[in-house]
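Residues per chain are reported as follows:
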Amino acid sequence: MKTRQWYQARLAWAEMVEGRGIRHWEEGLFHSEDREAAFQRALKIGEGGPSGGEEESARRTRWVETRLAEVATLDCLGEELEEEPPEVHWVRLPATEKIAFDHKFEPANRVPPGAQ
């Protein structure tokens, strides 16, 4: 029986606002059996969150879409942590990249680098 490990994934969410780029990154911790299973789980979690709708500002109403761009990193943290988080724990961090609104992401086609 395999021991479950903690993995940390940084998911790049592209929050598109009529040509603007990514507004934030999402980072998460979760359990998984191995690296491949962790990658598949990160994709499933990330692809479960796409959304779209209108955003109102003082000047105008614009369409906003949030979609998974990539699993940017996937790191094994080992079996135990000093403080064990909930089963899945996410944190938002600022992003600096800009991506065109009509860009098509293919996160399943890019496996993040790291130790196997």
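Shown above is the structure to which this text applies.
Residues numbered from 1 in each chain as written. Predicted model: local features only at pLDDT ≥ 70, side-chain atom pairs only at ≥ 80, totals over all residues. Heavy atoms only, no water.

Caption draft 1: How the structure looks around the pattern of salt bridges. With the rule as written, the count across this model stands at three salt bridges. Among the ionic pairs, Glu55 bridges to Arg62, the shortest N-O distance being 3.7 Å. For Glu55, a relative accessible area of 24% puts it in the partly exposed group. The class for Arg62 is buried, based on a relative accessible area of 11%. In this structure, the salt-bridge partner of Glu106 is Lys104, at a minimum N-O distance of 3.7 Å. Assessed through its relative accessible area of 63%, Lys104 is described here as exposed. (Salt bridge = Lys/Arg side-chain N within 4 Å of Asp/Glu carboxyl O. Buried < 20%, exposed > 50% of the residue type's maximum accessible area, 1.4 Å probe, protein only.)

Caption draft 2: Structural detail: the environment of Glu106. Mapped onto the secondary structure, Glu106 falls in the segment after strand S5 (89-94). On a C-alpha basis, the gap between Glu106 and Leu68 in space is 8.5 Å, while along the polypeptide they are 38 residues apart. A distance of 2.8 Å separates a polar atom in the side chain of Glu106 from a polar atom in the side chain of Asn109. (Helix = DSSP H or I, 4+ residues; strand = E, 2+ residues; numbered from the N terminus. Polar contact = N/O pair within 3.5 Å; in protein donor to acceptor, adjacent residues only side chain to side chain.)

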